[in-house]
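Notes for the structure review
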Amino acid sequence: MPTAMTIAGIDIEPGEKRQLNIPVARLYTDTELSIPVHIQRSLRAGPTIFVSAAIHGDEINGIEIIRRLIQANLNVIRGTLILVPMVNVYGVLNQSRYLPDRRDLNRCFPGSVKGSLAARLAYNFMQNIVKHCDYGIDLHTGAIHRSNLPQIRADLSDDVTLKLAEAFDVPVLINSVLRDGSLRECATSNDTRILLYEAGEALRFDELSIQVGFKGVQKVLRSLGILAKRRSGQRKTAPFVANKSEWIRATGSGFVREFVKLGDQVERGQVLAEINSSLGHLIKTVISTRSGIIIGKQNIPLVQEGDAMFHIGYFGKDEDDVAEQIEIMNESVIL
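Residues numbered from 1 in each chain as written. Predicted model: local features only at pLDDT ≥ 70, side-chain atom pairs only at ≥ 80, totals over all residues. Heavy atoms only, no water.

**Re helix α4 (residues 159–168)**
Because each turn of an α-helix spans 3.6 residues, side chains separated by three or four positions end up pointing in the same direction. Those residues of α4 lying buried are Thr161, Leu164, Ala165, Ala167 and Phe168. Across the axial projection of α4, the buried residues extend over an arc of 160°, all falling on one side. The exposed residues of α4 that point more than 90 degrees off its buried face are Asp159 and Lys163. For α4, the secondary structure elements touched by its buried residues are β7 (135–140), β8 (146–154), β9 (172–175), β10 (193–201) and α6 (207–223). (Buried < 20%, exposed > 50% of the residue type's maximum accessible area, 1.4 Å probe, protein only. Helix = DSSP H or I, 4+ residues; strand = E, 2+ residues; numbered from the N terminus. Arc of directions from axis to C-beta. Contact = heavy atoms within 4.5 Å.)

Written as structure tokens, this is what we have:
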């Protein structure tokens, strides 16, 4: 039999479903800053997994994904599911990526009990959530004015992590190195395997990204035996791994007329966009340096020279198949 799990001094027994708040700090308004948590435990032993969102406070698609997971009243048959809809509550309140000291929480792990607000938040999340978990799924979006195609980023050199990434069932997997101070880097040192789901744009709900994430999390939970497996007549996506990607940058400053969209297949030498002056003169064209798939792009039609405009993933000879699977993914979502 599994034993009680203690989070923020509160015991959660096997078979219990509970919502609680992990206190972090008091702001100068005397308002308490805390992390909301939803926990579901089975009576049967099994893996423990967390699903987190809004480490960057303006990345709100993940909050809606977790809200739908809670509302779905999932039947956890083994192990423990921990849902954390808002890690950076302060950032959500201020519609900001950062904390009040302008720190990026995802560069502050493992944190410190006596450090800055960001360090304390990171420390509390590590001690109360990550250290209990065998696995984690961290939900992200693109930055302000940038959109990402639904994709999983992870250390795909690890066989177990690769199987989890494949179970999520999106067309594009990015073999991503670990960044110092990130949740992924710190969790890995705790022997907690992490998937990072990237989809959509900051401060916007994107229904495609939300539905794909909502379904993908459940597919991972079924693959781990936390949820009961079910038969499905749907065709499973064969994911493709991009071991390299590159941002194509603006070759001039001006107003953008783009010719491609997220998920499009592009060829080496293809014109992706034109940059024009306010008087209508063509200043520069933006050219793809290699063949690949657009996995991220800037949305605002204004650029300064050097701005990142199109993020292209390289898949070699599999690019036709990747484009087909992206189309299948788009068609499978009810908008």
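Here the narrative resumes.
**Comments concerning the sheet that holds strand β16 (residues 282–287)**
With respect to topology, four strands assemble into an open sheet ordered β16-β15-β13-β18, the strand pairing being antiparallel. The two strands at the open ends of the sheet, each matched to only one other strand, are β16 and β18 (302–303). As defined by bridge partners, strand β13 (residues 254–258) adjoins β18 across two bridges and the pair is classed as antiparallel. Within β18, the residue paired with Gly254 across the bridge is Val303. (Pairing = 2+ DSSP bridges.)

**A closer look at a nonpolar patch on the surface**
Taken together, the side chains of Phe255, Ile300 and Leu302 define a hydrophobic patch exposed on the protein surface, amounting to about 250 Å² of accessible area. For Ile300, the position within the fold is in the loop between β17 (292–298) and β18. (Patch = residues over 30% accessible without salt bridge, like charges linked within 9 Å, V, L, I, M, F, W, Y side chains within 5 Å. Areas by Shrake-Rupley, 256 points an atom, 1.4 Å probe, with all protein chains shown as cover. Salt bridge = Lys/Arg side-chain N within 4 Å of Asp/Glu carboxyl O.)

**A word on a negative patch on the surface**
Together, Glu267, Asp318, Asp320, Asp321, Glu324, Glu327 and Glu331 line one region of the surface with negative charge. In this structure, Asp321 sits in helix α7 (residues 319–332). Owing to a relative accessible area of 36%, Asp321 belongs among the partly exposed residues under this scheme. (Lys, Arg positive; Asp, Glu negative; His and termini not counted. Charge placed at Lys NZ, Arg CZ, Asp CG, Glu CD.)

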